[in-house]
Amino acid sequence: MKNKIDEDALADAYNRALELEKSGDIDAAVAAYNEVLAIDPDDHGGASVRIASMGRGETPPKAPDAYVETLFDQHAEVFEDVLVEQLGYHVPMLVRQRLQALGLGPFKRLLDLGCGTGLTGGVLSDIVDDMTGIDLSENMVEIADEKEIYASLFVAEVEDFLEDNDEEPFDIITATDVLPYLGALEPLFFGTAENLTPGGLFIFSSETLPEATLAGRPYMVGPHQRFAHAEAYVRERLTATGFELLEITDINVRMEDGMPTPGHLVIARLRQE
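Fair warning: this is a prediction, and the values are worked out from it, not measured in the lab.

**Quick look at the overall build of the chain**
Right, on to step 1. The number of helices and strands found in the chain is 12 helices and nine strands.
Right, on to step 2. Relative to the compact-globule value of 19 Å for 273 residues, the chain shows a C-alpha radius of gyration of 19 Å, a close match.
Right, on to step 3. Based on the C-alpha atoms only, the size of the chain along its principal axes is roughly 55 × 40 × 35 Å.
Right, on to step 4. Expressed as a percentage of its 273 residues, the buried residues of the chain come to 52%.
Right, on to step 5. A separation of at least 24 residues holds for 63% of the contacts in the chain among residues at least 6 apart in sequence.
Right, on to step 6. Distance from the positive charge centre (19 side chains) to the negative charge centre (52 side chains) of the chain: 5 Å.

Written as structure tokens, this is what we have:
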């Protein structure tokens, strides 16, 4: 970890915060999570997201990079088994099905944002000539690399990569299971538009919550510490960033505590000027 952190004090504070949250003492839990943040300002444990999931504090614009990196580095080895077998995550296959149903593809260059272990790249590899994968977790990228499906792989934060990339543009960009770690969508959508060819496709999944729960908010941190986005916000941001919506499909993103997680699979096209 960067910066010298008192690991014992951090573990004590975090475990105390988790226990308080579990017991329902929200005020004390928030205070304990704030102690965690004071010890570890980079927020490897996602304390800021947990505070927001309890309905307190400001909703952060995204999950902290250190938290996302730590979360996925820790789970890289068991990631596919847990996500696919236990949580019923089949979004990559849904992406392929919708592309085929709409008669889209094949593609020259694909950018897979938050590629993880290569689940999306794997199901699209036969309809794409050249694939590039990006993920914040080095451990995930190592596993994806072993599959030899990506021509290029980078360990990077998605928004930073999109802003800094000066390679030739892509004709398709995917972002499956990325939005649950982002709140505000402007940087992602704008960066994607900047890296697509005119007429290029942007395909992504998002999680959502009932309108009554969102209560007019464009996004919020849900009960499982992931961001949920209102459909109206997704639509409005796409339009504002120069995309036309081809399709938005209601999907079950994954199972969580035996319950389906509602969400959307979105296919948008960058408008040709």
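**Some details on the side chain of Glu 21**
Right, on to step 1. The residue Glu 21 is located in helix 1 (residues 7-23) in this model.
Right, on to step 2. Residue Glu 21 is classed as buried on the basis of its relative accessible area of 17%.
Right, on to step 3. Residues contacting Glu 21, with those up to four places away along its chain left out, are Ala 29, Tyr 33, Arg 50, Ser 53, Met 54 and Gln 225.

**Some thoughts on the packing of helix 1 against helix 2 (residues 26-39)**
Right, on to step 1. Interaxial distance between helix 1 and helix 2 falls to 8 Å at its minimum, and their mutual angle equals 160°. In terms of orientation, helix 1 lies roughly antiparallel with respect to helix 2. For the pair helix 1 and helix 2, the sense of crossing is left-handed. Between helix 1 and helix 2, the contacting residues are Ala 9, Leu 10, Ala 13, Tyr 14, Arg 16, Ala 17, Leu 18, Leu 20 and Glu 21 on the first element and Ala 28, Ala 29, Ala 32, Tyr 33, Glu 35, Val 36 and Ile 39 on the second.

**Regarding helix 8 (residues 138-146)**
Right, on to step 1. Met 140, Val 141, Ile 143 and Ala 144 are the residues of helix 8 that are buried. The arc that holds the buried residues of helix 8, viewed along the axis, is 160°, so those residues lie on one side.
Right, on to step 2. For helix 8, the secondary structure elements touched by its buried residues are helix 4 (65-75), helix 5 (79-86), strand 2 (128-135) and strand 3 (152-155).
Right, on to step 3. Of the residues trailing helix 8, Glu 148 is marked for its positive phi of about 55°.

**Description of the pattern of salt bridges**
Right, on to step 1. This model, assessed by the stated rule, comprises 20 salt bridges.
Right, on to step 2. Among the ionic pairs, Arg 50 bridges to Glu 21, the shortest N-O distance being 3.1 Å. One end of the pair, Arg 50, is in helix 3 (residues 47-53); the other, Glu 21, is in helix 1, with 29 residues separating them in the sequence.
Right, on to step 3. For the salt bridge of Arg 109 with Glu 168, the shortest nitrogen-to-oxygen distance reads 3.8 Å. With Arg 109 in strand 1 (residues 107-113) and Glu 168 in the loop between helix 9 (158-164) and strand 4 (170-175), the pair connects residues that are 59 residues apart, well separated along the chain.

**A short note on the environment of Ala 47**
Right, on to step 1. Here Ala 47 shows up in helix 3.
Right, on to step 2. Spatially, the C-alpha atom of Ala 47 lies 9.2 Å from that of Ala 32, the residues being 15 residues apart in sequence.
Right, on to step 3. Dropping the residues within four chain positions of it, Ala 47 is found in contact with Tyr 33, Val 36 and Leu 37.

**As for the packing of aromatic side chains**
Right, on to step 1. Taken as a whole and judged by the stated rule, the model has 10 aromatic pairs.
Right, on to step 2. These aromatic residues form a ring-pair network of at least three members: Phe 189, Phe 202, Phe 204 and Phe 243.
Right, on to step 3. The cationic tip of Arg 109 hangs over the ring face of Phe 170; the distance from NZ or CZ to the ring centre is 4.3 Å.

**Looking at unusual backbone geometry**
Right, on to step 1. Gly 105 connects to Pro 106 through a cis peptide bond whose omega is 0°.
Right, on to step 2. Looking at the secondary structure, you find Pro 106 in the loop between helix 6 (91-101) and strand 1.
Right, on to step 3. Unlike most non-glycine residues, Ala 215 shows phi in positive territory, near 50°.
Right, on to step 4. With respect to the element layout, Ala 215 can be found in the loop between helix 11 (211-214) and strand 6 (219-221).
Right, on to step 5. Phi is positive for Gln 225, which is not a glycine, with a value near 65°.

**What about the sheet that holds strand 1?**
Right, on to step 1. Pairing within the open sheet is mixed, and its seven strands lie in the order 3-2-1-4-5-9-8. Bordering the open sheet on either side are strand 3 and strand 8 (243-256), each of which pairs with just one other strand. When strand polarity is set aside, the average angle formed by the axes of neighbouring strands in this sheet is 15°.
Right, on to step 2. One ladder, built from six bridges, connects strand 1 with strand 2; its direction is parallel. Across the sheet, Arg 109 pairs through a bridge with Asp 130, a residue of strand 2.

**What to know about the environment of Thr 120**
Right, on to step 1. Note that Thr 120 resides in helix 7 (residues 119-124).
Right, on to step 2. Exposure remark for Thr 120: the relative accessible area of 3% places this residue in the buried category.
Right, on to step 3. Once the C-alpha coordinates of Thr 120 and Gly 133 are considered, the two residues, 13 residues apart in sequence, prove to be 9.8 Å apart.
Right, on to step 4. Those residues in contact with Thr 120 that lie beyond four places of it in its chain are Pro 92, Asp 112, Thr 174 and Thr 176.
Right, on to step 5. Separated by 2.8 Å, the side chains of Thr 120 and Thr 176 make a polar contact.

Quick notes on the rules
Residues numbered from 1 in each chain as written. Predicted model: local features only at pLDDT ≥ 70, side-chain atom pairs only at ≥ 80, totals over all residues. Heavy atoms only, no water. Helix = DSSP H or I, 4+ residues; strand = E, 2+ residues; numbered from the N terminus. Rg over C-alpha atoms; globule rule 2.2 N^0.38 Å. Buried < 20%, exposed > 50% of the residue type's maximum accessible area, 1.4 Å probe, protein only. Contact = heavy atoms within 4.5 Å. Lys, Arg positive; Asp, Glu negative; His and termini not counted. Charge placed at Lys NZ, Arg CZ, Asp CG, Glu CD. Axes fitted to C-alpha atoms, helices over the stretch in contact; angles between N-to-C directions. Parallel < 35°, antiparallel > 145°, perpendicular 65-115°, else oblique. Left-handed = near helix turned anticlockwise from the far one by under 90°. Arc of directions from axis to C-beta. Salt bridge = Lys/Arg side-chain N within 4 Å of Asp/Glu carboxyl O. Phe/Tyr/Trp six-rings, centres within 6.5 Å; stacked < 30°, edge-to-face > 60°. Lys NZ or Arg CZ within 6 Å of the ring centre and 35° of its normal. Pairing = 2+ DSSP bridges. Polar contact = N/O pair within 3.5 Å; in protein donor to acceptor, adjacent residues only side chain to side chain.

The values are spatial; any link to function lies outside them.
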